[in-house]
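# Examining the three-dimensional arrangement
Letter by letter, the chains look like this.
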Amino acid sequence: MSGSSRPVGRVLVVVGVVLMAATLRIAVASLSPVIDRIDRDFALPAALVGLIGMAPPAAFAVMGMLTPAIERRVGLERLALAAVAVGAAGLAARALAFDAWSLFAVTAVLFAAVGVGNVLLPGIVKKYFPRSVGAMTAVYTTAMTVATFVPPLFAVPLADSLGWRLSFAVWAAVGAASLIPWFVIALRARRSSRDAMAGPRVDVVRRLVRLPLAWALAGTFAVNASIVYAAFAWLPAILVDVAGSSSEAAGALLALFALVGLPCTLLVPLLVARYRVIRSLYAVAVGGGLVAIAGLLFAPAAATALWVVLLGLPPLLFPMMLVLLGLRTRAHDTAVATSGFVQSVGYAFAALVPLAIGVTHEVTGGWTAALVILGVVIAMAAPAAFFVVRSGTVEDEWERRHGPW
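The structure reproduced in this document is the subject of the present report.

Criteria and thresholds
- Residues numbered from 1 in each chain as written.
- Predicted model: local features only at pLDDT ≥ 70, side-chain atom pairs only at ≥ 80, totals over all residues.
- Heavy atoms only, no water.
- 1 Å grid on protein atoms, 1.4 Å probe; cavity = no way out; pocket = protein on both sides within 12 Å on 5 of 7 lines; lining within 4 Å.
- Points joined across faces, edges and corners; volume = space filled by probe spheres on them.
- Helix = DSSP H or I, 4+ residues; strand = E, 2+ residues; numbered from the N terminus.
- Nonpolar A, V, L, I, M, F, W, Y, C, P; charged D, E, K, R; others polar.
- Buried < 20%, exposed > 50% of the residue type's maximum accessible area, 1.4 Å probe, protein only.
- Salt bridge = Lys/Arg side-chain N within 4 Å of Asp/Glu carboxyl O.

### Looking at empty space enclosed by the protein
Once rolled over the atoms, a probe with the size of a water molecule shows which space is left empty. One pass over the full model with this rule turns up 4 cavities of 30 Å³ or more. Of the pockets and cavities examined, the second largest cavity occupies roughly 80 Å³. As for the second largest cavity, its lining consists of Ile-227, Ala-230, Ala-231, Trp-234, Leu-235, Ile-238, Ile-293, Leu-296, Leu-311, Ile-357, Leu-371 and Leu-374. Those elements that place two or more of their residues in the lining of the second largest cavity are α10 (212-242), α13 (278-298) and α17 (368-379). Considering each element in turn, the lining of the second largest cavity owes the most residues, 6 residues, to α10. The residue inventory of the lining of the second largest cavity, partitioned by class, reads 12 nonpolar, no polar and no charged.

Here it is as structure tokens:
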């Protein structure tokens, strides 16, 4: 079914997209708050906990490479159903973990399913809502943001009252609920022989790697993901050491950093889709981020909360990128391929940044070099903006440079 075809049950797809988006984030956000409770039942070595912490970006990078090829063979709706099914099963299987390695194995499979869903969502929106990309992106990114906040708020009380295993079962119920709309959508999606060949007949990735636009989108995504993962890994420690914050205050400031993303997920997709204010959003993200780094370097205690709020501005590039994956492609299959390329490159880069910060801090004994690294990462978005703002669709750019798509 092409993006111009009659949609199959739009309301059903909206429900499916929202539940799928929520499940993706619950899978990531529901584990870390109860790690200490799990450790009481069976030992969790620090090294293995570190591997679990690195698993999301690593899994997302790998599945970003694999998902477009799988989608072309299986179909968008069927692969979405498979992703939510594995996600729901993975959330439930966490409750059955009997040692550290079984927990890690289940989590790795679960994050692989999340990585598939991350890549598919822009393509789903492009296919079913080609004229409402901004609005639908705002809907599902808001669902993601809410699903990021809710598990940390309720996971510990649930684990204390029901046990950590039943706590996981509660989150698995959300994943199970997402199966219902996607089963119906996959059943109703009529994939004719023409639809089965809708995917490009050549390796799209080989084309994408030759396009500056694709690399600019990937670089922008890498900036967003790097700042988010680096902040959740290291921001509290940085604030304690350089700004003199207490551990409790540093934790609250990390929550403030995350909270900045909520209005961004609501407003940015609509601003991009309706008003094309891409250049301005880049300026806000890069300018705010660099001011935050300067503040933490030269006057960390003067206005710590302000620096944290400004550091929360570069992640507005995330909802902007999700909208652009729809606006900078003509068809849903190209959106899926571009989404896979962008997220694969972006998450692979983001997996290295927290490690680089930790190593730099270990070597230097301070945070100055680490903050400079973050500043350089943020500045990467500036040259990427040049290509993203000036370019048309991926297909247009290929045809302008190389001939027919």
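Picking up where we left off.
### What about the environment of Leu-306?
Turning to its location among the elements, Leu-306 is positioned in helix α14 (residues 304-311). You can call Leu-306 partly exposed: its relative accessible area is 44%. Expressed as a C-alpha distance, the spacing of Leu-306 and Thr-329, which sit 23 residues apart in the sequence, is 37 Å.

### Re the pattern of salt bridges
Using the criterion set out here, one finds 6 salt bridges in the structure. In this structure, Lys-127 engages Glu-77 in a salt bridge whose closest nitrogen and oxygen atoms are separated by 2.7 Å. With a gap of 50 residues between them, Lys-127 in helix α5 (residues 100-128) and Glu-77 in helix α4 (residues 76-94) connect regions that are remote in the sequence. A relative accessible area of 5% places Lys-127 in the buried class. For Glu-77, a relative accessible area of 2% gives the class buried. With its nearest N and O atoms 2.7 Å apart, the salt bridge here joins Glu-397 to Arg-400. Taken as a pair, Glu-397 and Arg-400 lie in helix α19 (residues 394-402) at a separation of 3 residues, close to a single helical turn. A relative accessible area of 7% means that Glu-397 is categorised as buried.

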